[in-house]
Every structure is written in structure tokens, then in C-alpha cells.
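Now for the letters of each chain:
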Amino acid sequence: MTDEAGHKKSTSVPVAWVLSARTGAGLAARAARLSGQARSDPATSAAEIGARLVAGGTPSGERAVVVDDTREGLLAGLDALASGEEAPNLLTGRGEAGRRAVFVFPGQGTEWPGMAADLLRSAPVFADRVRACEQALAPHVDWSLEEVLTGRAGAPSLERVDVLQPVLFATMVSLAALWRSFGVEPAAVVGHSQGEIAAAHVAGALSLEDAARLVALRSRTLEAIRGDGAMVTIMGSGEQVREMLAGWEGRLWVAAVNGPGALTVSGGVEDVRAFESALSAARILRWRLPGVDFAAHSGQVEAVRDEVLRLSKETCPQDTGVAFYSTVTAGRIGPAGLGGDYWYRNLRETVRFHKTVSALLADGYDTFVECGPQPVLNIGLQGIADESGTPVSLLASLRRDEGGMRRFVTALADAYVHGLPVDWRRLYGEAGQGAPC
């Protein structure tokens, strides 16, 4: 089956067989026993076995999860675990207690056609949150969020920034809701560029109505600066790139600092093109941000300053129990800091992702869950963690062309084996009906 945009539909929900033990040997032995029991009792469905495995008890340190749509695939994963081998549908790890999770919300550039469309069909929690976002966006847009996500004929293109940014916002906050429905709660949030709007809402600092209004109307103002801007991401020595930028003042800006040696430069199309030639001559790896035809986080944004300030002042930040780390200020700020001119600064100033993540690591956060259509920030996150010498776990919600429950349940498995608490019982309840295999 395919949807109206020709993307393959995936309506089944996979089954997860979740095991733990005090030792690796004990885990392997458990897998061998379960494999034998499942083979000797074909009348019991794979979903029923999965539900029994997570019915109660406290998980031990050594953990494993086998995820598959078929009984044969689940058994193959068990056999690999029992024999100490790897399998593509098997995740293992040592679950350490006391993990402090950060939900990470990326900016523009994570999108892909059909992203999360499968979740609309197979994850009621996700679909319900998308519908809530659609209702909140409705007063400010003339298109349907669900029609854009599913690629309905006649729906506007994601190439329009006033469509793309609200759609990404809705996808990200709906993914966060799905994580939370399985018991995975953030202790802190961080957003990159427009991702800060989603982060502020998920933290509870902005109501859904305020956040939806802000992302919809602010993205519409960007139409005024489209067409003469570009952004290029650069991987290399940050010091060398900054030295190369000397002489480009007022034409090129450092739009984001994403990690050690990872920068994004923003400016006019011709200036960016010329700078790319200089980078090429210096043999520095770089790539143009696809689909971006305006220069965010640059002087070009000043043309829409008054309108964005007006929109920002109409938001009403609220108290929250989830820590909000700002990539504008490079540290934790309270709701009072999210009013006034904050959302203009978020669009105009450099995204200080590197320093903000360093602050999170220094404050003891060690697990980063990227709530987006694909994990574009993990390279920077890993580089920052390596620089600080801090072990971290990096988790992705979805991946390009993998936007259904199979991918998300695998993400839950990854979270579980790294020590985050996951309420697996929800897989066999309203969050997703585990189908017999």
C-alpha cells in the first residue's frame, strides 16, 4: 500500500521482546530459554509473549530488546543474543540508573517527504498531538497540517518556509508527546534555532496556542527576506574558518556554532558562493543547507525586526518544572527570559549550540533524545561530549525514510538499554496495538 504521495505505507506495530539480567551470561541464558519456550508454544502470539515479559518487575543492569514485525525475526534476534552474536533488530546495553535526559529539538533542514506520516496511522498519541497542533495553527495558516504530512494532492510544498517551520514544529512536539506516553520524560530541553519554539512548549514555558501562533506568524515574516540568502555548514577548524571570515564583515555571519570545528555561515547568495570557493581552495569540508534561500542568524534578519518583536511581545511565558537551556544565551534561563525580544534574538543571533550543550554536560545531563525527523545534531553532540570527556548516550526518534512505529520502537529499545525508564506496557495498550506475529 502507498499513500497519495507514493510513499510506502506501514500500518503494523512491531513487537518488542524485552529482557534483562544481572550479568551478560544470565541475559544470554534467558534468551535461550525464551527462544525454546516460544518455539514450543506457537499458539501464544508474539505480542502476548511481549506483554508477559514487561508485565512487572524491576529491570536489571544488563538489558536487551529484540524488535520485529514477525515471529521469525524475533526468534532470530533471540538466537543471536543467546549465542553472543549481533543482529540488526537486537539492541543490548548496560542500563545505568539515574540517567538525566535532554529532549533536543533541531532546526530547519531535518525534513523529508512523508516524514512521520506512518506515525499518523499507527501511533494514536502522535496523531492526537498532531491534531491538537493543527487546531492551534488553524487561525494562522490556510493549509492543513495533516494533508502536508501525508503528501495529499494539492497540499502546499515544504519548500515554503511558512509551511515547513510550522510542520517541523508540530512533528517535533508530537514526537515528544509520543516519548512521554512511554514514560520517557525530559529533565531539560534544548532547541536549535526554530527548534527553541518547540523546546519552550514541551518544557511548558509556552502554551500550544502561543507556540503555534509564534512559529506560524514568524515564519511568514521570513518571506520578506527569501531569495537572496544562503547558509553553508562547515566542518573544520573553527579558528581557521573565523580567520577566513575576516574581511567579510557585514556580508557573512557565523549563524551557528554546532560543535568543535562545526560552524554554519550565513549571508547573501553571491557572498556565500564566493566563500565556498575559498573553503574549497583550503580543502575544508562544507555543504550548502538544502532548501534554505534566506540568511537566518544574519544581518538580513534585521529587515523583519519590528514585526518579529511585535509577535514576540504577544507571547506569555509560563512557569515550568523542566529546565530550558537557551542556545541564545548559552545557558539555563527561566520563563521570564522568553518574553520581550527573545524570539527576535533567537532568529537574529548566532545559535550557540556548542556552549549550551557544554553547560548541560557540566550540569550532569548525560542522555540526549533528538525529537526530530532525523538526527542531524548527533555529530555535534558527540564532538562536544568527546571534547569534555563526558560519556553520553545519543538517541534518535526517527531516521530519513524510517518514519513509522518500527523505527520509533527501536528508538525506545535504544533508550531502555541505555538506562532510561520505558513503560513497555504502553506498547501493548493504547499507544500502539501490538499485533500478533
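Residues numbered from 1 in each chain as written. Predicted model: local features only at pLDDT ≥ 70, side-chain atom pairs only at ≥ 80, totals over all residues. Heavy atoms only, no water.

**Digging into the overall build of the protein**
For step 1, the next point in the chain: The secondary structure content of the protein amounts to 16 helices and 13 strands.
For step 2, the next point in the chain: Taken against the 2.2 N^0.38 rule, which gives 22 Å for 437 residues, the C-alpha radius of gyration of the protein at 23 Å falls within 12% of a compact globule.
For step 3, the next point in the chain: Viewed in the frame of its principal axes, the protein has a C-alpha envelope of about 70 × 45 × 40 Å.
For step 4, the next point in the chain: Across the 437 residues of the protein, 58% fall into the buried class.
For step 5, the next point in the chain: Contacts spanning at least 24 positions in sequence make up 77% of the contacts within the protein whose residues lie at least 6 apart.
For step 6, the next point in the chain: Total accessible area on the protein stands at roughly 17300 Å², and carbon and sulfur atoms take up 48% of it.
For step 7, the next point in the chain: One way to put it: in the protein the 42 positive side-chain charges average out to a point 3 Å from where the 51 negative ones average out. (Helix = DSSP H or I, 4+ residues; strand = E, 2+ residues; numbered from the N terminus. Rg over C-alpha atoms; globule rule 2.2 N^0.38 Å. Buried < 20%, exposed > 50% of the residue type's maximum accessible area, 1.4 Å probe, protein only. Contact = heavy atoms within 4.5 Å. Areas by Shrake-Rupley, 256 points an atom, 1.4 Å probe, with all protein chains shown as cover. Lys, Arg positive; Asp, Glu negative; His and termini not counted. Charge placed at Lys NZ, Arg CZ, Asp CG, Glu CD.)

**Re the nonpolar core**
For step 1, the next point in the chain: Ranked by size, the top nonpolar core spans 106 residues in total, and within it Trp-17, Phe-103, Phe-105, Phe-169, Trp-179, Met-405 and Trp-424 carry the most contacts.
For step 2, the next point in the chain: Sort the elements by how many residues they give to this core and helix α7 (residues 161-181) lands first, with 13 residues.
For step 3, the next point in the chain: Split by domain, the residues of this core number at least three in each of domain 1 (15-97 + 428-432) and domain 2 (101-225 + 298-403).
For step 4, the next point in the chain: The contacts of Phe-105, once residues within four sequence positions are left out, are Met-172, Ala-176, Val-189, Val-190, Gly-191, His-192, Gly-195, Ala-198, Ala-199, Val-202 and Cys-371.
For step 5, the next point in the chain: One finds Val-357, Ala-359, Leu-360 and Phe-368 within the second-largest nonpolar core, a separate group that totals 21 residues. (Core = buried A, V, L, I, M, F, W, Y, C linked by side-chain atoms within 4.5 Å. Domains from an automatic or database assignment.)

**What to know about the sheet that holds strand β13 (residues 393-396)**
For step 1, the next point in the chain: The six strands lie next to each other as β11-β10-β5-β4-β12-β13, forming an open sheet whose pairing is mixed. Because the sheet does not close on itself, it has two edges, and the strands there are β11 (331-333) and β13. Across the sheet, the axes of successive neighbouring strands diverge by a mean angle of 30°, strand direction being ignored.
For step 2, the next point in the chain: Pairing analysis gives three bridges linking strand β5 (residues 188-191) to strand β10 (residues 323-326), with the strands arranged parallel. Residue pairing across strands places Val-190 opposite Tyr-325, the latter belonging to β10.
For step 3, the next point in the chain: Packed onto the sheet, α7 meets β4 (101-105), β12 (367-370) and β13 and runs at close to 160° relative to β4. (Pairing = 2+ DSSP bridges. Axes fitted to C-alpha atoms, helices over the stretch in contact; angles between N-to-C directions.)

**Some thoughts on the UniProt feature "domain: Malonyl-CoA:ACP transacylase (MAT)" (unreviewed entry) in the protein**
For step 1, the next point in the chain: Summarizing the sequence annotation, UniProt attributes the feature "domain: Malonyl-CoA:ACP transacylase (MAT)" (unreviewed entry) to residues 104-402 in the numbering used throughout.
For step 2, the next point in the chain: With 43% helix and 15% strand, residues 104-402 has end C-alpha atoms that lie 19 Å from one another. (UniProt positions renumbered as here; feature names shortened; annotations may be inferred.)

**Some points on the packing of helix α5 (residues 124-137) against helix α9 (residues 208-221)**
For step 1, the next point in the chain: For the pair α5 and α9, interaxial distance at closest approach is 8 Å and the crossing angle is 65°. Read as a crossing pair, α5 and α9 show a hand that is right-handed. Here Arg-129, Ala-132, Cys-133, Ala-136 and Leu-137 of α5 come into contact with α9, specifically with Leu-208, Glu-209, Ala-212, Val-215 and Ala-216.
For step 2, the next point in the chain: Within the contact of α5 with α9, the residues separate by chemical class into eight nonpolar, no polar and two charged. (Left-handed = near helix turned anticlockwise from the far one by under 90°. Nonpolar A, V, L, I, M, F, W, Y, C, P; charged D, E, K, R; others polar.)

**Quick look at unusual backbone geometry**
For step 1, the next point in the chain: Unlike most non-glycine residues, Ala-116 shows phi in positive territory, near 65°.
For step 2, the next point in the chain: You can see Ala-116 is positioned in the loop between β4 and α4 (117-122).
For step 3, the next point in the chain: Residues other than glycine seldom take positive phi values, yet Ala-330 does so here, at roughly 65°.
For step 4, the next point in the chain: Here Ala-330 is to be found in the loop between β10 and β11.
For step 5, the next point in the chain: Relative accessible area serves as the criterion here: at 16%, Ala-330 is assigned to the buried category.

**Quick word on the packing of aromatic side chains**
For step 1, the next point in the chain: This structure, assessed with the given rule, holds six aromatic pairs.
For step 2, the next point in the chain: Pairing Trp-179 with Phe-408 gives two aromatic rings, centres 5.0 Å apart and planes at 65°, and the pair type is edge-to-face. In this pair, Trp-179 sits in helix α7 while Phe-408 sits in helix α16 (residues 405-417), placing the two residues 229 residues apart along the sequence.
For step 3, the next point in the chain: On the basis of an interplanar angle of 85° and a centroid distance of 5.0 Å, the ring pair of Tyr-342 and Trp-343 is categorised as edge-to-face. (Phe/Tyr/Trp six-rings, centres within 6.5 Å; stacked < 30°, edge-to-face > 60°.)

**Describing the domain arrangement of the protein**
For step 1, the next point in the chain: The domain boundaries assigned to the protein delineate domain 1 (15-97 + 428-432) and domain 2 (101-225 + 298-403).
For step 2, the next point in the chain: A separation of 34 Å is found between the C-alpha centroids of domain 1 and domain 2.

**Details of the environment of Arg-226**
For step 1, the next point in the chain: Of note, Arg-226 is situated in the loop between α9 and β6 (230-235).
For step 2, the next point in the chain: Given a relative accessible area of 28%, Arg-226 falls into the partly exposed group.
For step 3, the next point in the chain: As for Arg-226 and Gln-300, which are separated by 74 residues in sequence, their C-alpha atoms are 9.7 Å apart.
For step 4, the next point in the chain: In this view, Arg-226 contacts Glu-159, Arg-160, Val-161, Asp-293 and Phe-294; residues no more than four positions away in its chain are not counted.
For step 5, the next point in the chain: One polar contact links Arg-226 to Glu-223, side chain to side chain, over a distance of 3.2 Å. (Polar contact = N/O pair within 3.5 Å; in protein donor to acceptor, adjacent residues only side chain to side chain.)

**Quick look at the pattern of salt bridges**
When their charged atoms lie close together, side chains carrying opposite charge are able to pair.
For step 1, the next point in the chain: Counted according to the given criterion, the structure contains 23 salt bridges.
For step 2, the next point in the chain: The closest approach of N and O atoms between Asp-423 and Arg-425, which form a salt bridge, is 3.0 Å.
For step 3, the next point in the chain: Classification of Asp-423 by relative accessible area gives partly exposed; the value is 24%.
For step 4, the next point in the chain: Here the salt bridges share partners, and the residues they tie into one network are Arg-213, Glu-307, Arg-310 and Glu-314. (Salt bridge = Lys/Arg side-chain N within 4 Å of Asp/Glu carboxyl O.)

**Topic: helix α12 (residues 305-313)**
For step 1, the next point in the chain: Every buried residue of α12 is listed here: Val-308, Leu-309, Leu-311 and Ser-312. Looking straight down α12, one finds its buried side chains confined to an arc of 165°; they lie on one side. When the buried face of α12 is taken as reference, the exposed residues oriented beyond 90 degrees from it are Asp-306 and Lys-313.
For step 2, the next point in the chain: Residues of α12 that are buried in the fold lie against α9 and α13 (342-348). (Arc of directions from axis to C-beta.)

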